[in-house]
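What the coordinates show
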Amino acid sequence: MTSNQHVLDWVKEMEELMTPDKTIWIDGSEGQLRALREQAFATGELTELNQEELPGCVLHHTAKNDVARVEDRTFICTSNKADDCMMVNWMDPNEMKAKLLPLYKNVMAGRTMYVIPYCMGPIGSPFSKVGVEVTDSIYVVLNMDIMTRVGVKALRQLGDSNDFVRGQHARADIDPENRYIVQFPEDNAIWSINSGYGGNVLLGKKCFALRIASYQGYKEGWMAEHMLILGIEDPQGNVDYITAAFPSACGKTNLAMLIPPEVYAKQGYKVWTVGDDIAWMHIGDDGRLYAINPENGFFGVAPGTNEKSNPNALHTTMKGTIFTNVAHNLENNTVWWEGLDKNPPEDVQEWTGLAVDGKEYIANGGKLAHPNSRFTAPAANCPCLSKEFNNPNGVPVTAMVFGGRRAKTAPLVYQSFSWAHGVYVGSAMASETTAAAAGAVGVVRRDPMAMRPFFGYNVGDYFAHWLEMGKKLGDKAPKIFNVNWFRTDDEGHFIWPGFGDNMRVLMWILKRCKGEAEAVETAIGYEPKPEDIDITGLDGVTVDTIKGLLDVDKELWLEDVKGVEELYAQIGDHVPAELHAEAAALRERLSK
Ligand code: GDP
Ligand code: PGA
Ligand code: MN
Ligand code: MN
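Residues numbered from 1 in each chain as written. Chains lettered and ligands numbered in written order. Predicted model: local features only at pLDDT ≥ 70, side-chain atom pairs only at ≥ 80, totals over all residues. Heavy atoms only, no water.

**Details of the site of ligand 2**
Near ligand 2, the surroundings consist of R69, K206, H226, S248, A249, K252, D277, R374 and F454. The side chain of R374 places a nitrogen or oxygen atom 2.9 Å from an oxygen atom of ligand 2. The cavity where ligand 2 resides is the largest pocket. Its residues placed into classes, the shell around ligand 2 shows two nonpolar, two polar and five charged. (Near = heavy atom within 4 Å. Polar contact = N/O pair within 3.5 Å; in protein donor to acceptor, adjacent residues only side chain to side chain. 1 Å grid on protein atoms, 1.4 Å probe; cavity = no way out; pocket = protein on both sides within 12 Å on 5 of 7 lines; lining within 4 Å. Sits in = over half its atoms within 2 Å of the grid points. Nonpolar A, V, L, I, M, F, W, Y, C, P; charged D, E, K, R; others polar.)

The structure is reproduced here in structure tokens:
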């Protein structure tokens, strides 16, 4: 399939290490993929779903202990000891290799090695990058085929170059004690073993497109961020693009695919999805920042997705989709998850495969789908996919948004005073933890730029890189905002309706970028005048509700600055002085 000697040599090295019985190169052809699907049906690795209702869709269950990313078993291995800082799990590369090599030795004996060449980013884009993943899992092959551009076209993009990321994955769900997800940014290498969960094994995604790529961006002067990319088209046909960084399971996929509320739809506004999870951003010839989505599909959270909350996502999953750890509706061989509709099927298998009475199961406090159950769906299915999706140059970014789950403290929206202040705002992000990563759920933790699990190098250097990019962009830099859809009332209910109605906030953001909206200067940044958030057609939301959502509690905010200063102290002396100054200035404004 290729005459690239670097690729051939490396695959040979992998064969010698893992000694598979045979090697199959994935060419990206439908015939080959179909044969693999058939094989997985025969072994039970995949279940074919109702082909009339869900053509091309399949169901997969992972091991019970293997349902989310494992941050404590995820490592960055560089020669730079300074990368060993708060939020980066670092180990010396040689030490790590010595530890892991025995695990890989002969690990594929009696099995097949699949070689997956893949391209992150549109074919032909100067910003795209190629990877090759070897794996012994058909599930991984089929997911990679949806999430990336695989096969011959990826090898063509690579040509004779040696610049590709080498990913080695083996043994889905065998031995959690020896589960490792390891990045070697200096070697362009990823070693993943003993997991079968998406974020740990689809090596193009978090491992390459965020951890390795953030390091590449630092060295090469661009940015790899945990951000969705969406376009808002006005009635005249002009499109403005917004990127937004929220931690996992905090609303990126939903925002990226939002359906405009009636008040905007009837004026002719439209929303287009470019990406739902990752943005690679470069400074263009005109000095503006341009974003591409390196992925080719969506790996989305299933629970909560329904005809009302996110019809676009739901329609995207109606064909050619892999469902993982959702419930199996045995009444019609389809799928079910909490929030899909009100009533669970009576005849259903919950996500681990146990057949139960759905109603009874839920009444007893059970969840039929795992809270981090996922769909892997082709981008091409998305009804609102942007026509710029494959644009090799990407789309120009007007605004960048940070946000997380905060029951209190963070208001609905505010704008930073400057780029440097915006970098402070991103660095200060905090969010309640979710089921997307192993560990406790609902605990507030710091998650700078939503990148906590994905930094590929020293976090202080990463902040400095952001400041540096802002200096290069100058007055062409996107404006930076922060949002919070998750404020709760005293009973713990979300106050803001969220989902499609989040567009009301995005519209204020765009108006600010164009100098068309006023703002109130507060200690933490510029806030909207409450009446400037359009609430036309919203039930139960008044200007007073908005006023409440914009409220800044100075005591809570002083606590927050303290938390950020503690975080900076933990990260260490690479945190730029400018950010310490921003923290001090915020403290002073709050103390006035
Ligand atoms: P992602 O992992 O960042 O892409 O997050 P998703 O868009 O998949 O959403 C994760 C969870 O948050 C799902 O259960 C959604 O239903 C829920 N969610 C997303 N957006 C909103 C919102 O605006 N308000 C509320 N209350 N929940 C939301
Ligand atoms: P998410 O992507 O951000 O859509 O949850 C997967 C993840 O971050 O694990
Ligand atoms: Mn993500
Ligand atoms: Mn998502």
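From this point, the narrative continues.
**Side note on the site of ligand 1**
The environment of ligand 1 is formed by 18 residues, the closest being A249, G251, K252, T253 and N254. Take C250: an N or O atom from its main chain is 3.3 Å from an oxygen atom of ligand 1. With respect to ligand 1, the backbone of F499 contributes an N or O atom lying 2.9 Å from an oxygen atom. Within the complex, the protein chains bury 90% of what would otherwise be the 580 Å² of accessible surface of ligand 1. If you map ligand 1 onto the pockets, it falls in the largest pocket. A total of three residues in the shell around ligand 1 trace back to one element, the largest contributor, which is helix α8 (residues 252-256). (Areas by Shrake-Rupley, 256 points an atom, 1.4 Å probe, with all protein chains shown as cover. Helix = DSSP H or I, 4+ residues; strand = E, 2+ residues; numbered from the N terminus.)

**A word on unusual backbone geometry**
In this structure, M449 takes a positive phi of about 50° despite not being glycine. Relative to the assigned elements, M449 resides in the loop between β27 (444-446) and α13 (459-473). On the basis of relative accessible area, M449 is assigned to the buried category, the value being 0%. (Buried < 20%, exposed > 50% of the residue type's maximum accessible area, 1.4 Å probe, protein only.)

**Considerations on the packing of aromatic side chains**
What describes a pair of aromatic rings is the distance from one ring centre to the other and the angle between the planes of the rings. According to the stated counting rule, one finds 23 aromatic pairs in the structure shown. On the basis of an interplanar angle of 15° and a centroid distance of 4.3 Å, the ring pair of Y218 and Y457 is categorised as stacked. With Y218 in helix α7 (residues 204-220) and Y457 in the loop between β27 and α13, the pair connects residues that are 239 residues apart, well separated along the chain. Pairing F417 with Y526 gives two aromatic rings, centres 4.9 Å apart and planes at 80°, and the pair type is edge-to-face. Placement of the pair is F417 in the loop between β25 (413-415) and α12 (419-427) and Y526 in strand β30 (residues 526-527), with a sequence separation of 109 residues. Put simply, the rings of Y218, Y424, F455, Y457, Y462, F463 and Y568 pair up and form one aromatic cluster. Seen from the ring of F164, R166 lies directly overhead, with NZ or CZ sitting 3.9 Å from the centre. (Phe/Tyr/Trp six-rings, centres within 6.5 Å; stacked < 30°, edge-to-face > 60°. Lys NZ or Arg CZ within 6 Å of the ring centre and 35° of its normal.)

**Some points on the pairing of strand β28 (residues 479-483)**
A large share of β28 lies buried, amounting to four of its five residues. When strand β24 (residues 395-403) meets β28, the two strands line up parallel, connected through five bridges. Counted as the bridge partner of M400 is I480 from β28. With three bridges joining them, β25 and β28 adopt antiparallel strand pairing. For V413, the partnering residue across the bridge sits in β28 and is V483. (Pairing = 2+ DSSP bridges.)

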